[in-house]
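Structural overview
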Amino acid sequence: RTRTLGSLMAAADAFSPWSDLCVPPDALRLAPTLLSGMSFRWHPSAAGNIYVGVLSDCIYELREDDATVHWRVCGPADSDRARAQLREHLSLDRGVTASAWAGGGQLPVQFFHAAAALPGVRVVSVLSRLESLVSFMGSANNNIKRNMQMVASLCANFEENRLGCDSEGAALFSFPSVAQLCSLSEERLWELGWGYRAPRLHKLSRQLEERGGEAWLDSLARLCDEELRAELVALCGVGRKVADCVLLFSYGRDSVVPVDTHCLQMARRFLLPPAARDKSLGPALYEQISACFVDLFGPLAGWAFMTLFAGELADFRRRVAAAAAAAEEGGGPGGGGGSPLRPDKRQARRARLPTQPAPSSPPGKRSRYFASPPRTYAVPRRPPPAPAPAPRGSAGAAACRVETRAARRRR
């Protein structure tokens, strides 16, 4: 859609002046925090230097430099309320940075590579628990970018929820209520791109309405992790992984680790014992992987998990590879800036002498960063070559002609 210069200037004028969020780069970096699947309401601008998102009834724009992060909000919103809401969403007053585990000698080296490549990964707090539940229900067996499109189309269906436009003139909407979700038919949800999830969302909306809607979701915050998880998995389309995502990103349960395909691959490479690496993901293995994270990283295991998870995404994988290469050459994840690894491990890496057996990669997968034991393959035996035909006029050919004449006489 073509936008006139006047409309773009009007959209830019609707924003407040840029304000400093006063957060250092090692405590918050925008791309791995906003685009790694914790919230699906943020997207980069066309230029790529501004991130646009919706929190409650406010449109935000964020940008960063080498020293801090700046923000602004659209419309006549209360600046103090908007700032407090943004700080709550980015969890700036709770949690830890990856440097909190810098002295952990028993932690996997892969964590330090990810932390060096992606500093400032924070666990966001999705302020609307309804938005969190619906968004993560749609994320099952899905990718982040497609789920962002599904959520955006669902919000744009309700013109009455229009909040305004960003600085590029694109319209943005608040998340629909339970009553608005219940007004949608399965056919309409299919048209909005929800596919086979349309019947699930249709049923989920009615289950939430029967239980009390958004107020019921808010009342669950008083429950312990097990009770809260049990309430959520009783809903249509909500399994253990979706429920754990809602616990971590909307209820602030920082020790919860959602185990999905990426987490399973990480666990097979450097967390699970060899006997458990070939097992398929079931309830027992899910619990074992979650326990491994908690044993290593403690009550903030969810924060450490997100640093590792962001490093597994295609958008950030090259950064982690570069950090791993720098660690090999310079003796640390940052390439000469000091290593959180123990000195004996660092010296062994420089000498290319492993201090312990390297974990093997998952079956059928080749890993760029983790050593794998040599594989042996059975070489099929070839059949012996057929004997060469006897040359014409030789003794062998004459004997064949005699045998042929004798066989004709017998017939």
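Note: the structure precedes this text.
This section reports on the structure supplied with the text. All of these numbers come straight from a predicted model, not from anything done at the bench.

**Quick notes on the packing of helix H12 (residues 240-250) against helix H14 (residues 283-297)**
- Close contact between H12 and H14 brings their axes to 12 Å; oriented N to C, the two are set at 30 degrees. As far as their axial angle goes, H14 and H12 are roughly parallel. For the pair formed by H12 and H14, the contact residues are Arg240, Lys241 and Asp244 on the first element and Tyr286, Glu287 and Ser290 on the second.
- Classifying every residue of the contact of H12 with H14 by side-chain character gives one nonpolar, one polar and four charged.

**A short note on the nonpolar core**
- Ranked by internal contacts, the top residues of the largest apolar core, which has 106 residues, are Leu154, Leu232 and Phe293.
- If you tally residues by element for this core, the top one is helix H15 (residues 301-312), at eight residues.
- Val52, Val54, Cys74 and Leu172 belong to the second largest nonpolar core, which has seven residues in total.

**Re the pairing of strand S4 (residues 58-64)**
- Of all seven residues in S4, five are buried, a share of seventy percent or more.
- Relative to S4, strand S3 (residues 51-55) runs antiparallel, the two being bridged by five bridges. Each bridged residue has a counterpart across the sheet, and for Tyr51 the counterpart in S4 is Leu62.
- Direction of pairing for S4 relative to strand S5 (residues 69-73): antiparallel, over a ladder of five bridges. Note that in S5 the partner of Tyr60 across the bridge is Val73.
- Counted along the chain from S4 to the antiparallel partner S5, the turn is four residues long.

**A short note on the environment of Val121**
- For Val121, the position within the fold is in the loop between helix H4 (109-117) and helix H5 (129-139).
- Residue classification places Val121 among the buried positions, given a relative accessible area of 8%.
- When the C-alpha positions of Val121 and Met306 are compared, they lie 7.2 Å apart, and in sequence the two are 185 residues distant.
- Discounting residues that sit within four places of it in the chain, Val121 has contacts with Pro32, Thr33, Trp303, Met306 and Thr307.

**Examining the packing of aromatic side chains**
- With the rule as written, the count across this model stands at 10 aromatic pairs.
- On the basis of an interplanar angle of 90 degrees and a centroid distance of 5.7 Å, the ring pair of Trp101 and Phe111 is categorised as edge-to-face. One end of the pair, Trp101, is in the loop between helix H3 (79-89) and H4; the other, Phe111, is in helix H4, and 10 residues separate them in sequence. Phe111 matches Trp101 in its accessibility class, with the two residues each being buried.

**Description of unusual backbone geometry**
- Unusually for a residue other than glycine, Cys22 sits at a positive phi of about 55 degrees.
- Topologically, Cys22 is positioned in the loop between strand S1 (19-20) and helix H2 (30-34).
- A positive phi angle, near 60 degrees, is found at Ser56, a position not held by glycine.
- Of note, Ser56 is situated in the loop between S3 and S4.

**Description of the environment of Arg94**
- With respect to the helices, strands and loops of the structure, Arg94 is situated in the loop between H3 and H4.
- A sequence separation of 28 residues divides Arg94 from Arg122, and the C-alpha atoms of the two residues are 9.7 Å apart.
- Leave out the neighbours within four places in its chain, and Arg94 touches Arg122, Val123, Ser125, Leu248, Gly252, Asp254 and Trp303.
- Of note is the side chain of Arg94, whose polar atom sits 2.5 Å from the side chain of Asp254.

**Points about the pattern of salt bridges**
- A complete count under the given rule lists 14 salt bridges for this structure.
- The partner of Arg72 in a salt bridge is Glu61, with the nearest N and O atoms 2.8 Å apart. A residue pair is termed long-range when its members are at least 10 positions apart, and Arg72 in strand S5 and Glu61 in strand S4 qualify at 11 residues. Taken as a pair, Arg72 and Glu61 share a single burial class, namely buried.
- Of the charged contacts, one joins Arg240 and Asp244 as a salt bridge, the two residues approaching to 2.9 Å between their closest N and O atoms. Taken together, the positions of Arg240 and Asp244, both in helix H12 and four residues apart, correspond to about one turn of that helix.
- A relative accessible area of 0% places Asp244 in the buried class.
- A single network of salt bridges, built from pairs that share partners, joins Arg229, Arg240, Asp244 and Glu287.

**Considerations on the sheet that holds strand S2 (residues 42-44)**
- In spatial order, the strands read S1-S5-S4-S3-S2; together these five strands make up an open sheet with antiparallel pairing. Every interior strand has two partners, whereas the edge strands, S1 and S2, have only one.
- Its contacts with the sheet put H3 on S1, S2, S3, S4 and S5, and the angle it makes with S4 is roughly 65 degrees.

**Some points on helix H13 (residues 261-270)**
- Within H13, seven of the 10 residues are buried, which leaves the element mostly enclosed by the surrounding structure.
- Those residues of H13 that fall on the buried side of the exposure criterion are Cys263, Leu264, Met266, Ala267, Arg268, Arg269 and Phe270.
- The elements touched by buried residues of H13 are H4, H14 and H15.
- Backbone nitrogen of His262 and a side-chain oxygen of the N-cap are separated by 3.3 Å at the start of H13; the cap is Asp260.

What counts and what doesn't
- Residues numbered from 1 in each chain as written.
- Predicted model: local features only at pLDDT ≥ 70, side-chain atom pairs only at ≥ 80, totals over all residues.
- Heavy atoms only, no water.
- Axes fitted to C-alpha atoms, helices over the stretch in contact; angles between N-to-C directions.
- Helix = DSSP H or I, 4+ residues; strand = E, 2+ residues; numbered from the N terminus.
- Parallel < 35°, antiparallel > 145°, perpendicular 65-115°, else oblique.
- Contact = heavy atoms within 4.5 Å.
- Nonpolar A, V, L, I, M, F, W, Y, C, P; charged D, E, K, R; others polar.
- Core = buried A, V, L, I, M, F, W, Y, C linked by side-chain atoms within 4.5 Å.
- Buried < 20%, exposed > 50% of the residue type's maximum accessible area, 1.4 Å probe, protein only.
- Pairing = 2+ DSSP bridges.
- Phe/Tyr/Trp six-rings, centres within 6.5 Å; stacked < 30°, edge-to-face > 60°.
- Polar contact = N/O pair within 3.5 Å; in protein donor to acceptor, adjacent residues only side chain to side chain.
- Salt bridge = Lys/Arg side-chain N within 4 Å of Asp/Glu carboxyl O.

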